[in-house]
Every structure is written in C-alpha cells, then in structure tokens.
Amino acid sequence: KACSSIVTPSSSQHHSSSTSSTHLKMSCEACGWMAAFASCLAFGSFGVPIKSKRAKSVDVDPLVFQSYKTIMVFVTSWLVLLGGVEFSFTPWGIVSGLFWVPGG
C-alpha cells in the first residue's frame, strides 16, 4: 500500500512524463527485494546465538526463549508504521500467529 500511495499521483499533482512514476515503482520494487533478502538472513540466523556456549550454560527453557522472541517480534514490528506504512488488520495475521508458536 505504501508504494501505491507513492506512485499514484493525487489530483493536485501533475507529472509531465511517466518516467518518474516508473522510477518510483522500480525503487519500490528494489526496496521490497532488499527487505526480502534481509528477512531471509534474519530468519535464517536468529537461532545461531542460542547455540553458543554462554547461552547453553544459562539453560533457558525453550518456552521462555520462544516468549522472548515473540515479544521482540511484536515490539519491533510496530517500527514499520514509522516508515509511513498504513496500519491495516487482516485475518491472515491471526493465521500467521497460530503458526508462529508451533513453528518457532
């Protein structure tokens, strides 16, 4: 939604060519690909520190670790709103949450 609101000009704005609109779409697409790549790295490596000797010596219960992880994801996911993305509720968020705990 953020990209479509950037790309679609309002009635008060006039673009002389479609190149600026195309450029915004391409930069938005590149931003999406970079976010997807960063997500792959983050989701693929978040569990590495828990396997360290220091973490194993603390002997954290897996449920406690899952709770910490879930709280941090919940807190940091609100940062997207600071980037100008409009808040929207979807039932798919509930479905995602149901898969989060057994999959984590």
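Thresholds, definitions, all that
Residues numbered from 1 in each chain as written. Predicted model: local features only at pLDDT ≥ 70, side-chain atom pairs only at ≥ 80, totals over all residues. Heavy atoms only, no water. Helix = DSSP H or I, 4+ residues; strand = E, 2+ residues; numbered from the N terminus. Buried < 20%, exposed > 50% of the residue type's maximum accessible area, 1.4 Å probe, protein only. Areas by Shrake-Rupley, 256 points an atom, 1.4 Å probe, with all protein chains shown as cover. Phe/Tyr/Trp six-rings, centres within 6.5 Å; stacked < 30°, edge-to-face > 60°. Patch = residues over 30% accessible without salt bridge, like charges linked within 9 Å, V, L, I, M, F, W, Y side chains within 5 Å. Salt bridge = Lys/Arg side-chain N within 4 Å of Asp/Glu carboxyl O. pLDDT = per-residue confidence, 0-100. Contact = heavy atoms within 4.5 Å.

Any details on the overall build of the chain? Residues and values, ideally.
Looking only at helices and strands, the chain features five helices and zero strands. Taken from N to C terminus, the helices and strands of the chain fall in the order α-α-α-α-α. Relative to its 104 residues, the chain shows a buried fraction of 5%. A total of about 8900 Å² of accessible surface is found on the chain, and carbon and sulfur atoms cover 71% of it.

Describe the packing of aromatic side chains, and please don't skip the residues or the numbers.
Applying the stated rule across the entire model yields two aromatic pairs. Ring centres of F74 and W78 lie 5.8 Å apart, and the angle between their planes is 85 degrees; on these two criteria the pair is classed as edge-to-face. Given the relative accessible area of 53%, F74 is considered exposed. Ring centres 5.7 Å apart and planes at 10 degrees place the aromatic pair W78 and F87 in the stacked group. Through successive ring pairs, a cluster of aromatic residues spans F74, W78 and F87.

Would you mind going over a nonpolar patch on the surface in detail, with residue names and values included?
A grouping of I71, M72, F74, V75, W78, L81, F87, F89, I94 and L98 is seen on the molecular surface, where their side chains present a nonpolar patch of about 1100 Å² in accessible area. In this structure, I71 sits in helix α4 (residues 62-77).

Account for the confidence of the model for the chain, with residues named and values stated.
Per-residue confidence for the chain gives a mean pLDDT of 74, with 72% of residues at or over 70. Scored below 50 in pLDDT, residues 4-17 shows six contacts in the model against residues more than four places distant or in partner chains.

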